[in-house]
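What follows is the residue order along each chain.
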Amino acid sequence: MSRPFNFSAGPAVLPEEVLQQASAEMLDWNGSGMSVMEMSHRGEEFMSICERAESDFRLLLAIPPAFRILFMQGGGLAENAIVPLNLSRGEQADFVVTGSWSQKSRQEAAKYCDARTAASSQADGYLRIPNADTWALREGSRYVHICSNETIHGVEFSTLPDLKALGCDAPLVIDFSSHVASRSVDWSRVGLAFAGAQKNLGPAGLTVVVVREDLLGNSLQACPSAFDYRVVADNRSMYNTPPTYAIYIAGLVFQWLLRQGEADALGVAAMERRNTGKSQSLYSAIDGSGFYVNRVEPACRSRMNIPFFLRDELRNDAFLNGARTRGLLQLKGHKSVGGMRASLYNAMPVAGVQALIAYMREFEKEHA
Ligand SMILES: *Cc1c(COP(=O)(O)O)cnc(C)c1O
């Protein structure tokens with residue numbers, strides 16, 4: 001029996017092959033006689049799992065040697081505090097607010113530094129990204145924060161801003177929680193990137209941080225040692241016990257991603273192409289109907305999280321119930337936005353998107 005299609009925004013769908021492998025290895029990993037959950041994090045078995053996960057992630061996203069990869073805990077929301085604790089020096093930082101997540105980041109950072117909004121699309125209902133040449137970036141800011149994919153509002157930076165070209169020397173910090181590994185990253189434009197694993201990498205509990213080496217070592221006195229990037233980096237993510245099982249599953253996802261290939265594209269490049277195709281077919285089904293609507297400016301539309309609305313909101317419950325009976329799960333929109341949201345992460349097969357579109361057409365025919 002095939003599994004239903006799961007459109008959850010997170011924790012989210014994982015590749016079936018990964019779940020099967022984890023299931024087969026649950027009681028005995030690789031002849032060790034132990035489940036990965038039962039291993040010492042300092043033992044050679046787990047060390048090999050962790051090192052492979054790190055090097056596969058580096059390979060997958062072409063992360064240059066000047067960056068460190070840290071496996072931490074606390075999720076994206078904890079990073080909203082951990083980043084200013086490590087980078088702000090209690091001084092100033094600038095935020096581009098394009099949805100709920102970047103707004104939350106600014107508010108949390110304001111506990112630790114002078115955190116100011118450099119640009120915001122809040123007045124436009126978060127339907128677009130303010131042009132970079134209108135951003136009010138301040139001289140002397142310790143970093144500039146963006147959320148490169150707004151999971152709730154469905155807004156994505158199609159390319160990362162080039163701060164140097166804007167006359168700004170501060171490092172760019174990106175919250176890429178909900179589109180990490182969905183496309184390539186131009187690391188020449190990035191100082192630090194963080195992602196909670198539960199959207200596109202693996203189970204909840206693991207947070208991946210990619211940080212340029214020269215940004216380490218400037219934490220505030222009050223920064224907890226377990227959240228000090230210098231300490232975590234010096235201890236190869238083993239200062240405290242890392243989320244071992246989540247690292248193992250994420251490692252299996254990285255191996256799965258590296259196996260994905262299409263004609264001339266491998267790994268993330270193949271995923272990027274597939275993700276573009278999946279999202280385009282859903283957006284054109286929405287735009288081509290008079291029944292469904294997505295109001296995000298087309299150039300800023302997310303390829304991962306696609307909010308959409310029924311023009312007749314009274315039919316929302318009927319739509320969701322019908323979807324569930326067809327094995328299309330977790331399509332309800334975020335409570336702050338309403339309507340529907342389809343998250344099309346890497347592990348969502350093309351067939352899932354096709355099944356959703358077929359159902360949407362059928363529902364429209366029945367109710368239009
Ligand atoms: C889900 C999400 C977060 C929050 O992650 P937690 O693990 O719940 O702290 C932060 N930023 C973005 C963009 C997200 O999608």
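Residues numbered from 1 in each chain as written. Predicted model: local features only at pLDDT ≥ 70, side-chain atom pairs only at ≥ 80, totals over all residues. Heavy atoms only, no water.

With respect to the site of the ligand
Around the ligand, the surrounding shell consists of Gly75, Gly76, Leu77, Trp101, Cys147, Asn149, Thr151, Asp175, Ser177, Ser178, Gln198 and Lys199. One of the side-chain N or O atoms of Lys199 is found 2.6 Å from an oxygen atom in the ligand. Burial of the ligand by the surrounding chains reaches 85%, relative to a free accessible area of 390 Å². Across the shell around the ligand, the residue classes break down as three nonpolar, seven polar and two charged. (Near = heavy atom within 4 Å. Polar contact = N/O pair within 3.5 Å; in protein donor to acceptor, adjacent residues only side chain to side chain. Areas by Shrake-Rupley, 256 points an atom, 1.4 Å probe, with all protein chains shown as cover. Nonpolar A, V, L, I, M, F, W, Y, C, P; charged D, E, K, R; others polar.)

Topic: the nonpolar core
Core analysis: the largest hydrophobic core is formed by 60 residues, its most contacted members being Phe57, Leu61, Phe176, Trp187 and Tyr248. No other element matches helix α6 (residues 244-259), which puts eleven residues into this core. Three or more residues apiece are contributed to this core by two domains, here domain 1 (17-258) and domain 2 (262-367). Look past the residues within four positions of Trp187 in its chain and what remains in contact with it is Leu61, Ala62, Ile63, Pro64, Phe67, Phe176, Ala193 and Val210. Core analysis: the next-biggest nonpolar cluster, separate from the first, contains 25 residues, Phe308, Leu320, Ile357 and Met360 among them. (Core = buried A, V, L, I, M, F, W, Y, C linked by side-chain atoms within 4.5 Å. Buried < 20%, exposed > 50% of the residue type's maximum accessible area, 1.4 Å probe, protein only. Helix = DSSP H or I, 4+ residues; strand = E, 2+ residues; numbered from the N terminus. Domains from an automatic or database assignment. Contact = heavy atoms within 4.5 Å.)

Some thoughts on the pattern of salt bridges
Within this structure, the stated rule accounts for 20 salt bridges. Its salt-bridge partner being Glu156, residue Arg183 comes within 2.9 Å of it at the nearest N-O pair. Placement of the pair is Arg183 in the loop between β8 (172-175) and β9 (192-196) and Glu156 in strand β7 (residues 155-156), with a sequence separation of 27 residues. Here Glu156 falls in the buried class, since its relative accessible area comes to 2%. (Salt bridge = Lys/Arg side-chain N within 4 Å of Asp/Glu carboxyl O.)

Comments concerning the domain arrangement of the protein chain
Accessible area lost on assembly of the parts is the figure often given for the size of an interface. Taken domain by domain, the protein chain consists of domain 1 (17-258) and domain 2 (262-367). Taking the mean C-alpha position of each, domain 1 and domain 2 sit 26 Å from one another. The interface of domain 1 with domain 2 comprises 25 residues on the first partner and 24 residues on the second. Between domain 1 and domain 2, roughly 2000 Å² of surface is buried when both sides are summed, and carbon and sulfur atoms account for 55% of that area. Scanning the region where domain 1 abuts domain 2 turns up one salt bridge. The interface formed by domain 1 and domain 2 includes eleven residue pairs in polar contact (both at pLDDT 80 or more). Going through the elements one at a time, β7 and α6 are the ones with two or more residues in the side of domain 1 that touches domain 2. Element by element, the count of residues in the side of domain 1 that touches domain 2 is highest for α6, at three residues. (Buried area = accessible area lost by both parts, 1.4 Å probe.)

Considering the environment of Pro242
If you trace the backbone, Pro242 turns up in the loop between α5 (229-234) and α6. For Pro242, a relative accessible area of 5% gives the class buried. In sequence terms Pro242 and Leu216 are 26 residues apart; their C-alpha atoms lie 20 Å from each other. Excluding residues within four positions of it along the chain, Pro242 makes contact with His41, Phe46, Gln73, Ser237 and Ile247.

Remarks on the state of the cysteines
In protein structure, a disulfide is the covalent linkage between the sulfur atoms of two cysteines. Tallied over the entire structure, the rule returns zero disulfides. Distance from the sulfur of Cys147, which forms no disulfide, to the nearest cysteine sulfur (Cys300) is 13 Å. (Disulfide = S-S within 2.5 Å.)

Examining the packing of aromatic side chains
Applying the stated criterion across every chain, the model contains 14 aromatic pairs. Each ring, one from Phe176 and one from Trp187, has its centre 6.4 Å from the other, and the planes form 90°; the classification is edge-to-face. You can see Phe176 sitting in the loop between β8 and β9 and its partner Trp187 sitting in the loop between β8 and β9, a full eleven residues away along the chain. Within the aromatic cluster, the residues linked to one another by ring pairs are Phe291, Tyr292, Phe308, Phe319, Tyr359 and Phe363. Directly above the aromatic system of Trp101 lies the positively charged group of Lys104, at a separation of 4.8 Å from the ring centroid. A cation over an aromatic ring shows up here: Arg295 above the ring of Phe309, its NZ or CZ 6.0 Å from the ring centre. (Phe/Tyr/Trp six-rings, centres within 6.5 Å; stacked < 30°, edge-to-face > 60°. Lys NZ or Arg CZ within 6 Å of the ring centre and 35° of its normal.)

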